[in-house]
Structure formats: C-alpha cells, structure tokens
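# Fold and contact review
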Amino acid sequence: ISRKKVINMNITIRKATIEDAEDFVKVNTATWLTTYKGLIPDKILEKRKLSISTRITRTIKDIQENNNIYVATVDNQVIGEMTYAYSRNENFLNSGEITSVYVLKEYQGLGIGKQLFLKGIEECINLGFNSMIVNVLKGNNAIKFYEKFGGKKISQKEEKLDDIVITEYIIYFVNLKEIATIYQNHN
C-alpha cells in the first residue's frame, strides 16, 4: 500500500466496541504471526491462531469492563489496535502501561502505530500518570520505535509463554505530558 493511497483513505483511531472484538483479535493474531516469526516458536504462534474464539470472548469482557482498547480503522476495517492499563509490574505501580500496539504488516510505516501509541499516552495521562512502561520482546524491531519517543530500556524480565521462557525489555517513559506536547505540536 503506497503512502499516497493511504492519504486518500479514511483512517480513524477510536475506542473499540464489542462489535470490534473479533476484528481486534484477528489483527492481534495476524500481527503476532508476522512480528514474532523467528522470535517465538512456530508451535506457540500456531496455538494463538487456535485460541481465537476464547480470546474474542475475553476481549468483549475487557471492552465492557475496562473500556481500555482502541482500534485503528481504514475505510471502517480494523487494521490496528492498542490497549492500555495501570502498570501490571509491581516495580512501576505509579505508572501506566501500554500493553499492546499492533498494526497489520501492510499498514506499518504509515504513522498509524504512532497515532495509536500517542492515544495510549493520552489515556495514561487521563488515568493520572506521567510515566509509563511498555514490555517489548527481545529482538522485536519495535524497540527502535519506542526509543524514538524517548523510551529507555531500563531492565528486562523473563516471562513463561507456554513451555518456553521469553525475555522482554521494560521500556520506561518518564514524562508523558512532555511527549504528548512535543508530538501534538509536530503532527
């Protein structure tokens, strides 16, 4: 998809509704398959495809109870997603957390991920936080994306994913209001 073509598309970033749950899960699954190929064993990625119906049910519940999911749409088709929350990491309880930002491969590099990320920053600020974390799988190119916004790798943690252990970097953003101001003025 060319940048020129995207300019003519209607790109929208909005809160997800329960009607978006299935598309949200499909985007999340598709992006896992492209993003983590070679970083996570294929059997775990295949298992993710098989758990779609369970994850749709969980996403509907999450939308209803937490209202913490955004979707990016192009011509009313969900092509990206972002979720945010209070930090789940006990070392960063006074911070927000963006728990996912995914854009379908064919729409990457067009600024949609940036829009979703900045929306996540805005929501963390709305929750009363001026700092946040993002966990990024070691080897994921998204680390560079987050560093462009001032995120710093401050530590790493190991997580068990089925029967393997993965390493994630904790990327810390110290001044969300400053980041939001800088990018609000450069859009």
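In this text, all values refer to a predicted model and were calculated from it rather than measured experimentally. (Residues numbered from 1 in each chain as written. Predicted model: local features only at pLDDT ≥ 70, side-chain atom pairs only at ≥ 80, totals over all residues. Heavy atoms only, no water.)

This next bit is on the layout of surface pockets. The method is simple in principle: a probe with the dimensions of a water molecule rolls over the atoms, and the space it marks as empty is what remains. The computed volume of the second largest pocket comes to approximately 240 Å³. Along its surface, the second largest pocket is lined by twelve residues, and L118, K119, E122, A180 and Q184 are the ones closest to its centre. Listed by contribution, the elements that provide at least two residues to the lining of the second largest pocket are α5 (112–126) and α7 (176–184). Taken together, the residues that form the lining of the second largest pocket break down as five nonpolar, four polar and three charged. (1 Å grid on protein atoms, 1.4 Å probe; cavity = no way out; pocket = protein on both sides within 12 Å on 5 of 7 lines; lining within 4 Å. Points joined across faces, edges and corners; volume = space filled by probe spheres on them. Helix = DSSP H or I, 4+ residues; strand = E, 2+ residues; numbered from the N terminus. Nonpolar A, V, L, I, M, F, W, Y, C, P; charged D, E, K, R; others polar.)

For the rest of this paragraph, the subject is the nonpolar core. General note: in soluble globular proteins, nonpolar side chains tend to be found buried as a group. Formed by 41 residues in total, the largest nonpolar core has its most connected members in Y107, I112, F117, M132 and F173. Looking at this core element by element, the count peaks at six residues for α5. Those residues in contact with I112 that lie beyond four places of it in its chain are I11, A72, V74, I79, V103 and Y107. (Core = buried A, V, L, I, M, F, W, Y, C linked by side-chain atoms within 4.5 Å. Buried < 20%, exposed > 50% of the residue type's maximum accessible area, 1.4 Å probe, protein only. Contact = heavy atoms within 4.5 Å.)

This part is about the packing of helix α2 (residues 21–35) against helix α3 (residues 42–50). For any two helices packed against each other, the geometry comes down to the angle between their axes and how far apart the axes lie. Packing of α2 against α3 leaves a shortest axis separation of 10 Å and a crossing angle of 170 degrees. Our classification of the angle between α2 and α3 gives roughly antiparallel. Packed against α2, whose contacting residues are N28, T29, W32 and L33, the element α3 presents L45, R48 and K49 at the interface. For the contact of α2 with α3, the residue count by class is three nonpolar, two polar and two charged. (Axes fitted to C-alpha atoms, helices over the stretch in contact; angles between N-to-C directions. Parallel < 35°, antiparallel > 145°, perpendicular 65-115°, else oblique.)

When you tally the buried positions in strand β7 (residues 164–173), you get eight out of ten residues, the bulk of the element. Across six bridges, strand β5 (residues 132–137) lies against β7 in antiparallel orientation. Counted as the bridge partner of M132 is F173 from β7. With nine bridges connecting them, strand β6 (residues 152–161) and β7 associate as antiparallel partners. Across the sheet, residue K157 finds its bridge partner in β7, namely E168. If you look at the hairpin formed by β6 and β7, you'll find two residues sitting between the two strands, and D162 has a positive phi there, around 55 degrees. (Pairing = 2+ DSSP bridges.)

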